[in-house]
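Given next are the chains, with one letter for each unit.
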Amino acid sequence: QEKKIFMVQGPYPIVRHLLRARGWVERKLPSMGRQLEQHHAPHYAWPPAEEEEEKEEEQCDEDPSGIHDLMSYLVRDRLPNFIWTNFLEATDHELLQQDHVVNHYARVDAFTTKEGLCLSLQNLPWIEQADPNTFFPRCYRLGTTDEQEAFIEDFRLTAARSLLKLALEEAGDRPVRTKQVPNSAKRAGWHRSHVSHPKHSTAPAGSPLYPELVEEALEVCKQHLGVLRHQDIDRGTPSPCRTCINWDRFLQEYYRVAHEGAGLVLTRQQQKQCQNLLRHLAEQLPQLGMEGKLNIWILKPGAESQGRGIVCTTRLEEVLQLARGFTAPSVQVGRWVVQKYVEQLLTIFGTKFDIRQWFVVTDWKPLTVWFYRDCYLRFCSWPFSLCHLERARHLCNVSVQKWYKMSPDQDPRVPPDKIWSNKQFQEYLAQLGQADAWHQVLVPGMKAAILNALRSAQDQVGFRKGSFELYGADFLVGEDCQPWLLEINSCPTMRPSSAVTRRLCANVQRDTLRLVLDRKNNPTCSIGAFELIYKE
């Protein structure tokens, strides 16, 4: 009568415990009902991922009198009024009644898959006065012919800009040396994954670069600047990548400079031209600073999660081989996305990290978004290096890093469990003299990126009243403390991997229930660390 029957599917002992404490009764999954009838000890339908979580589960669900199991058995044929589950099919939504509360919306893959987010943000300028290039590293779906061609052009243009940057690394006419393998990396024997691949080079390592290389890069960048300034509209200037340049030769020579240590010599005039061009390009390209100079790209299966199948590469031909299905047979041909790697990023103690940031959508019409003020950082296991592209250095996912031990060369100040709270990060920023960066740059940037992503996909989502959803957005932080959105996850993990995540994951589940249940009857109740950041 009170409509307080719930169902939980998945590893969420905290949610179950909190609902029972509110006087709710669980409708267990059918297999649980059969177990009760056979007088088996009640356990849950999922195997806990870790031993400590199993202990937590037992502690949360202690039921000496068996009253919860009895009530669960009695309501086994009743439809639950509240459902918290890992995943809900679109067809399941049609079976729900209006007063059912469920923790998912349908068709959220428009922004919770890598393919979907890539496509939705491409359409953002048509919906909002916002440029995705200011918060989302440029991204292409390789299964689409137009986007594959656009990526090839982007790769070439980035190589030309990178060549100019490399040429300016040392002033004057002295040769520029670009290959720096850290001694620590040599000691650890990790240079097998160095970004250079001499077998790809068409020229002997000691042979001179062809003299027109810098002039060609300058010409390509001049033409691209004209396109960006719309100077090509009246003249019909062709794409800078369709000019009379042998791009295969140009890229092979660029690889030699960027990854194999070939020397560059600039005249004073060329040096000044490079400086002027890059300054003007920076006014047109928001990502010029973060893209670095080694032209690293990251390939991701379009619909996978937890770091599965992700690789970093510096070679155009390797990207195209993946796109055409020559490798990685487990990934459907054409379902890859390729994204510019953030080369100029902020590290902590010489180690890459990212930020997992939660938010909740409680309505899509009008769009209503709640931002969680607490979040956590995830560290890699090995020191950051652009000369080595192993997963242990570049993928911050807990599901990836749990397979790696901390490197002997890792700074001892990196936490052993590879997790920090945002409070610890704020203290670190203060030590860098950037005490205001969290509240003035990072948080506003993350909020804006989340809202733009949601608005870009709003028309695609299957909307229903009574639903809500908790999401986890992943961000990298640039050298200037600007956040860069990488992806948005539906069903972010609540399995604690550290003392920090055990506390924060429990808190966000508690506050989500306050937000979606308690607040209905008491609009002034505490909602913990949630804050309303948008309501249409």
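Because the structure is predicted, anything quoted here is derived from the model rather than measured. (Residues numbered from 1 in each chain as written. Predicted model: local features only at pLDDT ≥ 70, side-chain atom pairs only at ≥ 80, totals over all residues. Heavy atoms only, no water.)

Trainee: What am I meant to see in the overall build of the chain here?
Mentor: Tallying secondary structure elements over the chain gives 20 helices and 15 strands in all. Taken across its 536 residues, the chain has 55% of its residues classed as buried. Pairs at least 24 residues apart make up 73% of the contacts formed inside the chain by residues separated by at least 6 positions. Approximately 24,800 Å² of the chain is accessible, and the part contributed by carbon and sulfur atoms is 50%. (Helix = DSSP H or I, 4+ residues; strand = E, 2+ residues; numbered from the N terminus. Buried < 20%, exposed > 50% of the residue type's maximum accessible area, 1.4 Å probe, protein only. Contact = heavy atoms within 4.5 Å. Areas by Shrake-Rupley, 256 points an atom, 1.4 Å probe, with all protein chains shown as cover.)

Trainee: Which parts of the structure should I look at to understand the nonpolar core?
Mentor: Most often, soluble globular proteins have nonpolar side chains that are buried together. Core analysis: the biggest nonpolar cluster contains 62 residues, and Phe151 and Phe250 have the highest contact counts within it. Those elements that place two or more of their residues in this core are helix H9 (145-167), helix H11 (213-228), helix H13 (247-259), helix H14 (268-284), strand S6 (297-301), helix H15 (316-323), strand S8 (336-340) and strand S14 (483-490). Take this core: its biggest share by element is ten residues, from H9. For this core, the domains that each give at least three residues are domain 2 (110-136 + 344-535) and domain 3 (138-173 + 208-341). Setting aside chain neighbours within four positions, we find phenylalanine 151 in contact with Tyr140, Leu142, Trp297, Leu316, Val319 and Val338. (Core = buried A, V, L, I, M, F, W, Y, C linked by side-chain atoms within 4.5 Å. Domains from an automatic or database assignment.)

Trainee: How do you make sense of the pairing of S6 when you look at a structure like this?
Mentor: Each regular strand carries side chains that alternate between the two faces of the sheet. Most of S6 sits out of view: five of its five residues are buried. The alternating pattern of S6 places Trp297, Leu299 and Pro301 on one face and Ile298 and Lys300 on the opposite face, and all of these are buried. One ladder, built from three bridges, connects S6 with strand S7 (residues 311-313); its direction is antiparallel. Bridge pairing links isoleucine 298 to cysteine 312 in S7. Where S6 and S8 come together, five bridges link them in antiparallel fashion. (Pairing = 2+ DSSP bridges.)

Trainee: I keep staring at the sheet that holds strand S3 (residues 82-85) and nothing clicks. Help me out?
Mentor: Either a parallel or an antiparallel arrangement is found when strands of a sheet pair, and the pairing is made through backbone hydrogen bonds. What the four strands build is an open sheet, ordered S2-S1-S3-S4; its pairing is parallel. Every other strand in the sheet has two partners, leaving strand S2 (25-26) and strand S4 (101-102) as the edge strands with one partner each. Where helix H20 (residues 499-521) meets the sheet, its contacts fall on S3 and S4, and the angle it forms with S3 comes to roughly 170°. (Axes fitted to C-alpha atoms, helices over the stretch in contact; angles between N-to-C directions.)

Trainee: Whenever I open this one, the environment of phenylalanine 425 confuses me. Can you help?
Mentor: Within the secondary structure layout, phenylalanine 425 lies in helix H18 (residues 422-431). Of the residues examined, phenylalanine 425 reaches a relative accessible area of 0% and is grouped as buried. In this structure, the C-alpha to C-alpha distance between phenylalanine 425 and tyrosine 376, residues 49 residues apart in sequence, is 8.6 Å. Leaving out residues up to four positions away in the same chain, phenylalanine 425 has contacts with Leu346, Ile348, Phe353, Ile355, Leu377, Trp420, Trp438 and Leu442.

Trainee: Would you take a moment to explain the packing of aromatic side chains for this structure?
Mentor: Centre-to-centre distance and the angle between the planes together describe a pair of aromatic rings. Under the defined criterion, the tally for this structure stands at 26 aromatic pairs. Counting every residue linked through ring pairs, the aromatic cluster contains Phe349, Phe353, Phe379, Trp420, Phe425, Tyr428 and Trp438. The side chain of arginine 315 reaches across the aromatic face of tyrosine 255, ending 4.1 Å from its centre. Taking NZ or CZ as reference, lysine 447 lies 5.4 Å from the ring centre of phenylalanine 371, over its face. (Phe/Tyr/Trp six-rings, centres within 6.5 Å; stacked < 30°, edge-to-face > 60°. Lys NZ or Arg CZ within 6 Å of the ring centre and 35° of its normal.)

Trainee: What's the story with the sheet that holds strand S5 (residues 139-141) in this structure? I'm lost.
Mentor: Taken together, four strands build an open sheet; the order of strands is S5-S8-S6-S7 and the sheet is antiparallel. Since the sheet does not close on itself, it has two edges, and those belong to S5 and S7, each with one partner. Taking the axes of each pair of neighbouring strands and ignoring which way they run, one obtains an average angle of 25° across the sheet. Against the sheet, helix H7 (residues 114-122) touches S5, S6 and S8, its axis set at about 115° to S5.

Trainee: Teacher, can you tell me more about H20 here?
Mentor: Because an α-helix completes one turn every 3.6 residues, residues spaced three or four positions apart along the sequence face the same direction. Here H20 contains 23 residues, and its C-alpha end-to-end distance of 33 Å stays within 8% of the 33 Å for a straight helix at 1.5 Å per residue. Of all the bends in H20, the greatest, near 35°, is centred on leucine 515. You can read the cap of H20 off the contacts: a side-chain oxygen lies 3.4 Å from the backbone nitrogen of valine 500, and it is on serine 498. (Expected span 1.5 Å × (residues − 1). Bend = angle between axes of the 7 residues up to and from the residue. Polar contact = N/O pair within 3.5 Å; in protein donor to acceptor, adjacent residues only side chain to side chain.)

Trainee: What exactly am I supposed to notice about the packing of H9 against H14 here?
Mentor: Packed helices, taken two at a time, are described by the angle between their axes plus the distance between the axes. Contact geometry for H9 and H14: axes closest at 10 Å, N-to-C directions at 130°. In terms of their interaxial angle, H9 and H14 are classed as oblique. In terms of crossing hand, the pair formed by H9 and H14 is left-handed. Packed against H9, whose contacting residues are Arg161, Leu164 and Lys165, the element H14 presents Cys274, Leu277, Leu278 and Leu281 at the interface. For the contact of H9 with H14, a count of residues per class yields five nonpolar, no polar and two charged. (Parallel < 35°, antiparallel > 145°, perpendicular 65-115°, else oblique. Left-handed = near helix turned anticlockwise from the far one by under 90°. Nonpolar A, V, L, I, M, F, W, Y, C, P; charged D, E, K, R; others polar.)

Trainee: For this particular structure, what's the right way to read the pattern of salt bridges?
Mentor: It is possible for side chains of opposite charge to pair when their charged atoms get near one another. Overall, the coordinates contain 27 salt bridges when judged by the stated rule. Ionic pairing is found between arginine 141 and glutamate 147, a salt bridge with its closest N-O pair at 2.6 Å. On the basis of relative accessible area, arginine 141 is assigned to the buried category, the value being 17%. Through salt bridges that share partners, Arg138, Asp154, Arg161, Lys165 and Glu291 make up one connected network. (Salt bridge = Lys/Arg side-chain N within 4 Å of Asp/Glu carboxyl O.)

Trainee: In this structure, what is going on with unusual backbone geometry? I would like to understand it.
Mentor: Negative phi values dominate among residues other than glycine, just as trans dominates among peptide bonds. Of the consecutive residues lysine 365 and proline 366, the connecting peptide bond is found in the cis state with omega at 5°. For proline 366, the position within the fold is in the loop between strand S9 (353-364) and strand S10 (367-372). Phi angles above zero are rare outside glycine, and lysine 3 is one such case at about 55°. Counting through the fold element by element, lysine 3 comes out in the segment before strand S1 (5-9).

Trainee: Can you walk me through the packing of H9 against H15 in this structure?
Mentor: One way to put it is that H9 packs onto H15 with a least axis distance of 11 Å and a crossing angle of 170°. Taken together, the axis directions place H9 and H15 in an arrangement best described as roughly antiparallel. Read as a crossing pair, H9 and H15 show a hand that is right-handed. Across from Gln148, Phe151, Ile152 and Phe155 in H9, the residues of H15 making contact are Leu316, Val319, Leu320 and Ala323. Taken together, the residues of the contact of H9 with H15 sort by class into seven nonpolar, one polar and no charged.

Any functional reading would require information that these geometric values do not contain.
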